[in-house]
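# Breakdown of the fold
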Number of protein chains: 2
Amino acid sequence: MLNLNHLRIFYHAAKNQNFTAAAKELFITQPAVSAQIKSFENDCSLTFFKKRGRKVHLTDEGYNLYEYSKKIFEYEHLIENAIEEMRELKCGLLRLGTTKAYARYFMPFMISTFRDKYPEIKIQLDEGSSLEMIHSLLSFRNEVAVIARAEDHPDVKFIPFTQEEIILIVSPNHPFAKRGSVSVQDLAKESIIMKELGSGTRKRINELFASCGLTPDVLMETGNAEFIKQLVQRGEGISFIVKEAVRTELKEKTLATAKIEGRRIDLDVSVAYLKNQHLSPPAKAFLTMLDMLEPKDLTLKGIGTLMAQMLAARKRKAEMMKDIKRKTK
Amino acid sequence: MLNLNHLRIFYHAAKNQNFTAAAKELFITQPAVSAQIKSFENDCSLTFFKKRGRKVHLTDEGYNLYEYSKKIFEYEHLIENAIEEMRELKCGLLRLGTTKAYARYFMPFMISTFRDKYPEIKIQLDEGSSLEMIHSLLSFRNEVAVIARAEDHPDVKFIPFTQEEIILIVSPNHPFAKRGSVSVQDLAKESIIMKELGSGTRKRINELFASCGLTPDVLMETGNAEFIKQLVQRGEGISFIVKEAVRTELKEKTLATAKIEGRRIDLDVSVAYLKNQHLSPPAKAFLTMLDMLEPKDLTLKGIGTLMAQMLAARKRKAEMMKDIKRKTK
DNA sequence: TATGATCCATAAATAAATTTTATGTATGAT
DNA sequence: ATCATACATAAAATTTATTTATGGATCATA
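Notes on the structure follow. (Residues numbered from 1 in each chain as written. Chains lettered and ligands numbered in written order. Predicted model: local features only at pLDDT ≥ 70, side-chain atom pairs only at ≥ 80, totals over all residues. Heavy atoms only, no water.)

The next point concerns the relation of the copies chain B and chain A. Placing chain B over chain A gives an RMSD of 0.1 Å and needs a rotation angle of 180 degrees, together with 0.1 Å of translation along the axis. Put plainly, the chains are arranged around a two-fold axis. A high fraction, 100%, of the interface residues of chain B reappear at the interface in chain A, so the copies pair face to face through one surface. (Least-squares fit on C-alpha atoms with pLDDT ≥ 70 in both. Contact = heavy atoms within 4.5 Å.)

Structure, rendered in structure tokens:
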């Protein structure tokens, strides 16, 4: 049974070919190094260092052993990283950005699933428009964001998570409420209450009008979905919103909808994070839970664990989506 | 900087999922294990074991760490072996067998070259006929033998080292001494002093006669080369012997020789050792010096060292042979 | 449901190891 | 010759690891 403490001191001494330097690296004094090396050589019945002049140099045996010891301390470093990762996973912080509008109804489920597995990780939830959230990633305020894929950015990786339908909402008294469907031309004649700049919904709606060579008549714009709903209810204008966000209002008939001439507008809900940027273990864990992490980003996990996690994550994701649908209906 | 002592105790505890068993393996008491694990967990701010009933089991973190720690202690084992090897190389024993007859004149050189490189290794030199030396390998009395390849054995590996010429020797007064060459038929009419059974020389001479359908007229047999020389000198009979062994006698004309009708009889000098048997580091070193070790037998040497050694050995061998020729002439 | 065995935890005492302090010696540069 | 550098040594101090002794929980079993 090797004395790995001795080996560590030997390793530093061999690396530097200098006991004093080794002592500095190890935060001990030079006589401590001398003593430990001596004791180690004694235990092995071998000589690893020879003094020539006022310098020490490795013997053949010492060199041979040094080659071996290098690897063990490289490996030790891996273990230290693994421990650090586990610690962060136990008591780290997940800085998560979302859009209030539509993420709200499945965000709680995602978070509670995550907290279930990593009860010690604190979660910091940040809200804003899709564009704001992309900026929050770039400025390192958040590490991961669940947002609409509104605008691409070369440094941000978007991974599609699910799709949300955007529907037209009008006041129940509005003529459109009686019609099965309306044309884009019809819509262009109406006053529109638009989501704020940077919103994914707004982007899709602008594209809708543009595809017909039209521009929407924007009455006002806001980021507050509640405000939009209220204005539409009062007949101040029409708007477009994620279907899930107005499920109750439609059921209770406080808002009405109409199809847009056979078109279906979908919003891609994506998980976004910075490309080529180190992800904290909590962020990795979150993405792994969603099965959205590239394998190359998982280097420090044990391979066995990783495979199991990937398979489990795939299952979890499917179940999660089912659960969300069930719980929100 | 990880406490590898803690890690070792953790490793044994994890392997056994039992602190008491770990303590036994480590030759310490159970409270020592408990205390060290506790201190380790504290240092890492993680929990590696949980108690369930009266048993302990690994947490996820503990399992993860265990997977890592396995490798480090596997590797430690390699280092221990390397140290053991180096130690044996420093103070081991080389048990070497030889044939007195012809090996004598280059054996001293081989040994002094070896002692030069491994001054601490004791050398035990054993002498006997080729066959006796093969038996000495099989009975583990010797590890390596420098002998004539007289008889093969399935468990013994022979590696040709050099060749020695066997010549006819006769008394200077013998009629053959005046003739340039003699036929095998001529030889068959003479009384022959034969080397003992198991000798490589004897084997080649028997083959020589057999190839002509003849049998030698053996006056007597002995393993003692000096005795053979004296008997031949006195004209009691003729004999065959390795040329190098009678160099002086031929020069001083106390013995004469004659060619055997255009034939040249060579004896293969080989280095022999047991196949599929672990070789001690001194034996390996000896064979490496002669560049005669199969690469697969060198597993524990560092690769860099090995390559250098192989190249150096090749050079050394060539020089050694040159040197031997020079010194014995 | 007592009983004993097994297994881990804790605490105080002890032992072992590592490290420091203080100092010495040799070497090489100026 | 002198000084700075670098390792060695010895004794003392400190830190770390281990043991001894004991307690508590669990589980099988009689």
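Taken together, the contact pairs 34 residues of chain B with 34 residues of chain A. Between chain B and chain A, a total of about 3,200 Å² is buried, with carbon and sulfur atoms accounting for 68% of that surface. Ranking the residues of chain B by area buried against chain A places Tyr68(B), Tyr75(B) and Met86(B) at the top, with a combined share of 20%. At the junction of chain B and chain A, the tally comes to two salt bridges. As a salt-bridge pair, Glu61(A) and Lys90(B) come within 3.9 Å of each other at their nearest N and O atoms. At the boundary of chain B with chain A, the tally comes to twelve residue pairs in polar contact (both at pLDDT 80 or more). The set of elements that each furnish at least two residues to the side of chain B that touches chain A consists of α1 (4-16), α3 (30-44) and α4 (60-91) of chain B. Here the element with the most residues in the side of chain B that touches chain A is α4(B); it accounts for 19 residues. The class makeup of the residues in the side of chain B that touches chain A is 19 nonpolar, five polar and ten charged. (Buried area = accessible area lost by both parts, 1.4 Å probe. Salt bridge = Lys/Arg side-chain N within 4 Å of Asp/Glu carboxyl O. Polar contact = N/O pair within 3.5 Å; in protein donor to acceptor, adjacent residues only side chain to side chain. Helix = DSSP H or I, 4+ residues; strand = E, 2+ residues; numbered from the N terminus. Nonpolar A, V, L, I, M, F, W, Y, C, P; charged D, E, K, R; others polar.)

In this section: the environment of Val218(A). Residues and elements named next belong to chain A. Along the chain, Val218 turns up in strand β9 (residues 217-222). Sequence separation of Val218 and Gly237 is 19 residues, and the distance between their C-alpha atoms is 9.1 Å. The contact partners of Val218, leaving out residues within four places of it in the chain, are Ile192 and Met194.

Residues in close proximity to DNA strand D total 21 residues, the closest being Phe19(A), Thr20(A), Ser34(A), Arg54(A) and Thr29(B). Protein-adjacent atoms of DNA strand D, using a 4 Å cutoff, are sugar or phosphate at a proportion of 64%. One nitrogen or oxygen atom from the side chain of Gln30(A) is found 3.1 Å from a base nitrogen belonging to DNA strand D. In the model, a base oxygen of DNA strand D is placed 3.0 Å from a nitrogen or oxygen of the Arg54(A) side chain. (Near = heavy atom within 4 Å.)

In the neighbourhood of DNA strand C, 20 residues make up the surrounding shell, with His6(A), Thr29(A), Phe19(B), Thr20(B) and Ser34(B) lying closest. Looking at DNA strand C alone, sugar and phosphate atoms form 63% of those within 4 Å of the protein. Here a phosphate oxygen of DNA strand C sits 2.5 Å away from a polar atom, N or O, in the main chain of Thr29(A). The contact in question runs from a phosphate oxygen of DNA strand C to an N or O atom on the side chain of Lys38(B), over 3.3 Å. Within the residue set of the surface near DNA strand C, elements represented by two or more residues are α1 (4-16) and α3 (30-44) of chain A together with α2 (19-26) and α3 of chain B. With four residues, the top contributor of residues to the surface near DNA strand C is α3(B). Residues that form the surface near DNA strand C fall into these classes: seven nonpolar, nine polar and four charged.

By themselves, these are just geometric observations and shouldn't be taken as functional.
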